[in-house]
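Summary of structural features
In case you want the letters, here they are:
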Amino acid sequence: MESVERFAQNRAVIEDFAAHWLSSNPTDLARLIYVAKLRDIYAGTYRHPMLEEKFPRAAVDQALAFCHEEIFSKFLENSFERQEMDLRLTLIGMELPPAEIAARWLDLELYCSFVPTGAPSYLRDLFVSKIRSMLTAVVGDRTHIAV
């Protein structure tokens, strides 16, 4: 009986999270980044103060970990063209010029933090390779425009 209750609670957390916070992010990559930023890099757990006001911390952690994995998988299932469009739209929505953000992400390898904990190494490598390639193209756009 406890697992049924836990499932129902996690489902409620996911529905609340998707309706109130994920829906404001326009692309799969923006949603992936958003949920990745909710993970404590030291503990590996997910925190969301607003959800934790309604639900137990453990339920929030489990539900957000599930969301992270699902969004990551969804992003990888998209075509390369769709992934690149997601990246460009995500960068355009930020404060700095896309090429500047792309260069910073490449330098810091920030995109590695977007991968969910426990993702198979081949999916991690695929994601990192694709994002690195797309970011390099965005940085190259700046180079071509400046010439």
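Before any of the text, the structure's been laid out above.
Here's what I pulled together on the structure shown here. No experiment lies behind these values; they were computed from the predicted model shown. Position labels on residues start from 1 in each chain and follow its written sequence. Under the rules for a predicted model, residues below a pLDDT of 70 receive no local features and side-chain atom pairs below 80 are neither given nor counted, while totals for whole chains, interfaces and linings still include all residues. Hydrogens and water are ignored here; the side-chain numbers use all heavy atoms of the structure.

**Some remarks on the overall build of the protein**
Along its length, the protein carries seven helices and zero strands. Counting only C-alpha atoms and orienting by the principal axes, one finds that the protein spans roughly 65 × 30 × 30 Å. Across the 147 residues in the protein, those meeting the buried criterion constitute 39%. Note on areas: Shrake-Rupley with a 1.4 Å probe; residue coverage comes only from the protein chains shown. When the accessible surface of the protein is summed, it comes to about 8700 Å², and 58% of that surface belongs to carbon and sulfur atoms. Residues scored as positive are Lys and Arg, those scored as negative are Asp and Glu, and His as well as the terminal groups of each chain are ignored. Throughout, a charge is located at the NZ atom of Lys, the CZ atom of Arg, the CG atom of Asp or the CD atom of Glu. The distance from the centre of the 16 positive side-chain charges to the centre of the 21 negative ones in the protein is 2 Å. The numbering of helices and of strands both runs from the N terminus, where a helix is a DSSP run of H or I of at least 4 residues and a strand a run of E of at least 2. Type-normalised accessible area, obtained with a 1.4 Å probe on protein chains alone, sets the label of each residue: buried when under 20%, exposed when over 50%, and partly exposed for intermediate values.

**Considering the packing of aromatic side chains**
Each aromatic pair joins two rings of Phe, Tyr and Trp (for Trp, the six-membered one) with centres within 6.5 Å, and gets the label stacked for planes under 30 degrees apart, edge-to-face for over 60, and tilted for any other angle. Tallied over the full model, the rule gives four aromatic pairs. Between F72 and F127, the ring centres sit 5.3 Å apart and the planes meet at 55°, which makes this aromatic pair tilted. You can see F72 sitting in helix 4 (residues 57-77) and its partner F127 sitting in helix 7 (residues 121-146), a full 55 residues away along the chain. By relative accessible area, which is 0% here, F127 ends up buried. Ring centres of F75 and F127 lie 5.7 Å apart, and the angle between their planes is 70°; this geometry places the pair in the edge-to-face category. Of this pair, F75 sits in helix 4 while F127 sits in helix 7, and the two are 52 residues apart along the sequence. Through pairs of rings, three or more aromatic residues link up here, namely F72, F75 and F127.

**Focus on the pattern of salt bridges**
A carboxyl oxygen of Asp or Glu within 4 Å of a side-chain nitrogen of Lys or Arg is what we treat as a salt bridge. One pass over the structure, following the stated rule, counts 10 salt bridges. Across the salt bridge formed by R31 and D28, the nearest N and O atoms sit 2.7 Å from each other. With a gap of three residues between them, R31 and D28 both fall in helix 2 (residues 28-37), about one helical turn apart. Taken as a pair, R31 and D28 share a single burial class, namely buried. Between R82 and D86 there is a salt bridge whose closest N-O contact spans 3.4 Å. Of this pair, R82 and D86 both sit in helix 5 (residues 80-92), four residues apart, which is roughly one turn of the helix. For R82, a relative accessible area of 40% gives the class partly exposed. Judged by its relative accessible area of 3%, D86 is buried. Within the structure, one salt-bridge network assembled from shared partners comprises D28, R31, K74, R82 and D86.

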